[in-house]
Amino acid sequence: MPPAPAPWKDPIMEFLEQRREHALALFRIIIGLFFVFHGVQKLSKGVELVSWPSGPMALIELIGGGLILIGLWTRWAALLSSGAMAYAYFVVHQPKGLLPIENGGELAAVYSWAFLLLAFTGAGAWSIDALRKAPKKSLAAA
C-alpha cells in the first residue's frame, strides 16, 4: 500500500502559529499598560492608599500592571490582578445587577479573564521572565 498523503497544512494557521509567542507578548504588554493607566488614574484623583478597597486596588493596578507590562513574575502578578478584578466585579459591580452590561462591570470582568489567561500562559516573548529562562551562555563558549 502506498503511504497516506501528508495532511494539508493551512498557510494562514501556520503563519498565526509561528507568531503565537509574539502575539501573546503584545497582548500582555497592552493589557499591562492599560492596567497601569487605570492605577495612575485612581492615584491622580487622590485615592488614599489606606482606604479600602480603592487604595490597595490602585496599588495592585499600578504594581501588578507594571510587572505584567515588563513580563516579570508575570504569572503571579496576573493571578493576583485577576483575583483583584474578580473581587471588584463581585463586590462592587455585581450587586447592581446580574450581568456586566447591567452593572457597569464589563472592564473588571474582562481584566479578570485576561489576567487569568496570562496566569496560565505566562509572559510570552519580549519579557524578563523569558530572559530569566533562557539558557545561560558560558564565557568559554563565547
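Residues numbered from 1 in each chain as written. Predicted model: local features only at pLDDT ≥ 70, side-chain atom pairs only at ≥ 80, totals over all residues. Heavy atoms only, no water.

Now for the packing of helix 4 (residues 74–93) against helix 6 (residues 106–121). Each packed pair of helices is defined by two parameters, the angle between the axes and the distance between the axes. At a minimum axis distance of 8 Å, the contact between helix 4 and helix 6 shows a crossing angle of 155 degrees. Classified by the angle between their axes, helix 4 and helix 6 sit roughly antiparallel to one another. Of the two possible hands of crossing, helix 4 and helix 6 adopt the one that is left-handed. When helix 4 is examined against helix 6, the residues Arg 75, Ala 78, Leu 79, Ser 81, Ser 82, Met 85, Ala 86, Ala 88, Tyr 89 and His 93 are found in contact with a partner set consisting of Ala 108, Ala 109, Tyr 111, Ser 112, Phe 115, Leu 116, Leu 118, Ala 119, Phe 120 and Thr 121. The residue makeup of the contact of helix 4 with helix 6, split by class, is 14 nonpolar, five polar and one charged. (Axes fitted to C-alpha atoms, helices over the stretch in contact; angles between N-to-C directions. Helix = DSSP H or I, 4+ residues; strand = E, 2+ residues; numbered from the N terminus. Parallel < 35°, antiparallel > 145°, perpendicular 65-115°, else oblique. Left-handed = near helix turned anticlockwise from the far one by under 90°. Contact = heavy atoms within 4.5 Å. Nonpolar A, V, L, I, M, F, W, Y, C, P; charged D, E, K, R; others polar.)

Going through the model one piece at a time under the given rule, you end up with three salt bridges. When the shortest N-O distance is used, the salt bridge between Glu 61 and Lys 42 registers 2.8 Å. Residue Glu 61 is found in helix 3 (residues 54–70), and its partner Lys 42 is found in helix 2 (residues 20–44); the two are separated by 19 residues along the sequence. With a closest N to O distance of 3.5 Å, Arg 132 and Asp 129 form a salt bridge. Residue Arg 132 and its partner Asp 129 are both found in helix 7 (residues 128–133); the two are separated by three residues, about one turn of the helix. By relative accessible area, which is 48% here, Arg 132 ends up partly exposed. (Salt bridge = Lys/Arg side-chain N within 4 Å of Asp/Glu carboxyl O. Buried < 20%, exposed > 50% of the residue type's maximum accessible area, 1.4 Å probe, protein only.)

The next point concerns a nonpolar patch on the surface. Among the surface-exposed residues, Trp 52, Tyr 87, Phe 90, Val 91 and Val 92 lie close enough to one another that they form a single nonpolar patch of about 530 Å² accessible area. Mapped onto the elements, Val 92 comes out in helix 4. (Patch = residues over 30% accessible without salt bridge, like charges linked within 9 Å, V, L, I, M, F, W, Y side chains within 5 Å. Areas by Shrake-Rupley, 256 points an atom, 1.4 Å probe, with all protein chains shown as cover.)

Attention now moves to the packing of helix 2 against helix 6. Packing of helix 2 against helix 6 brings their axes to within 11 Å, and their N-to-C directions diverge by 135 degrees. Viewed along their axes, helix 2 and helix 6 adopt a mutual orientation that is oblique. Between helix 2 and helix 6 the crossing geometry is left-handed. Within the contact between the two elements, helix 2 uses Leu 24, Phe 27, Arg 28, Ile 31, Phe 34, Phe 35 and His 38 and helix 6 uses Leu 107, Tyr 111, Ala 114, Phe 115, Leu 117, Leu 118 and Thr 121. Looking at side-chain class alone, the contact of helix 2 with helix 6 contains eleven nonpolar, two polar and one charged residues.

The omega angle of the peptide bond from Trp 52 to Pro 53 is -5 degrees, so this bond is cis rather than trans. Even without glycine at this site, Trp 73 takes up a positive phi of about 50 degrees. Following the sequence through the fold, Trp 73 ends up in the loop between helix 3 and helix 4. For Trp 126, which is not a glycine, the phi torsion comes out positive at approximately 55 degrees. Along the chain, Trp 126 turns up in the loop between helix 6 and helix 7. Relative accessible area serves as the criterion here: at 52%, Trp 126 is assigned to the exposed category.

Nothing here speaks to function; it is geometry throughout.
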